[in-house]
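One letter stands for each residue in the lines below.
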Amino acid sequence: MANDTPNPSVSATAAAAHATATTTTTKNNKNKDNPTRHPRKRFYRARAHSNPLSDSHFPVPVTPSHFDYSLHFTLPTPPPSDDHHHLVRFADVGCGFGGLLVQLSTLFPDTLMLGMELRDKVSEYVKERISALRSTNPGQYGNISVIRTNSMKYIPNYFVKGQLTKMFFLFPDPHFKEKNHRRRVISPFLLDEYAYVMQVGGILYTITDVEELGVWMRKCLEEHALFEQVPEGEIQSDPVVGLLGDATEEGKKVARNGGKTFRSVFRRVAAPRDDDE
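Focus on the overall build of the chain
- Each helix and strand counted, the chain has 8 helices and 7 strands in total.
- In the chain, buried positions account for 45% of the 277 residues.
- In the chain, once contacts between residues fewer than 6 apart in sequence are set aside, the share between residues at least 24 apart is 78%.
- Counting only carbon and sulfur atoms, one obtains 52% of the accessible surface of the chain, whose full area is about 15100 Å².

See the structure below:
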């Protein structure tokens, strides 16, 4: 005859698991039901990095003119068209939890900025964060938004030639193994694409706490014909530079641990003319 007496330890474990799941669901629902409630990172945790070469499933516009800006920004924007689609000027590639976007939003209130993040939970957190900021600060933060996408594959799907004036690559995945260097977000091949979507005179910023990666990114930029290093004196007067190591969660962690950072700031330059021209 079967023993129908419940096992107290199993029942307690199941009850605890159910309570945890219920609490998490309740917290997430509260964020959605109350737009002024800021999301909590512990409910949106994900792996530190994702594999950019893997296939992920999310919508991608066929061309920049197919990207509906009205779904992302509350500032007045002209309707998209193939001839005049110069709306977003700053792109934060791998924006993480959106710390830099939030800081830049009030520093450049009339400039549209887009965060690009591959991790689903993290991009969802940034959406909720921006929504809460807009609700608690009427008239502000309407110039920033985030999309879940793979910037290593789809940059040209979002921006037209010469559109961006600033691009940010803060604390990217170092991909230490040599066989994985092709996954690095700064590479000679990818710099061709970044140069395409950047205006001449636009600025590209990188920072990392991994010295070998810092050397790699600087070398890639130094050897690229369409980028030149910004002089240190000019860097010191740039209000954005001070945010590179302080605005993001990763940067704050490095600072707390007393770590070093390795920064590079390069300007997009015009293509050199051929000798026979």
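Brief notes about the environment of Arg268
- Here Arg268 shows up in strand β7 (residues 262–268).
- Taking C-alpha positions, Arg268 is 4.7 Å from Phe227, a pair spaced 41 residues apart along the chain.
- Dropping the residues within four chain positions of it, Arg268 is found in contact with Ala195, Met198, Gln199, Val200, Gly201, Gly202, Leu226 and Phe227.
- For Arg268, the side chain forms a polar contact with the main-chain oxygen of Ala195, separated by 2.8 Å.

Points about helix α6 (residues 211–222)
- Taking 1.5 Å per residue as the helical rise, α6 with its 12 residues ought to reach 16 Å, and the 16 Å between its terminal C-alpha atoms agrees with that figure.
- For α6, the full list of buried residues reads Leu213, Gly214, Met217, Cys220 and Leu221. Down the axis of α6, the sector holding all buried residues measures 130°, keeping them to one side.
- Close packing links the buried residues of α6 with α5 (188–197), β5 (198–208), β6 (227–229) and β7.

Calculation notes
Residues numbered from 1 in each chain as written. Predicted model: local features only at pLDDT ≥ 70, side-chain atom pairs only at ≥ 80, totals over all residues. Heavy atoms only, no water. Helix = DSSP H or I, 4+ residues; strand = E, 2+ residues; numbered from the N terminus. Buried < 20%, exposed > 50% of the residue type's maximum accessible area, 1.4 Å probe, protein only. Contact = heavy atoms within 4.5 Å. Areas by Shrake-Rupley, 256 points an atom, 1.4 Å probe, with all protein chains shown as cover. Polar contact = N/O pair within 3.5 Å; in protein donor to acceptor, adjacent residues only side chain to side chain. Expected span 1.5 Å × (residues − 1). Arc of directions from axis to C-beta.

By themselves, these figures tell us nothing about what the structure is for.
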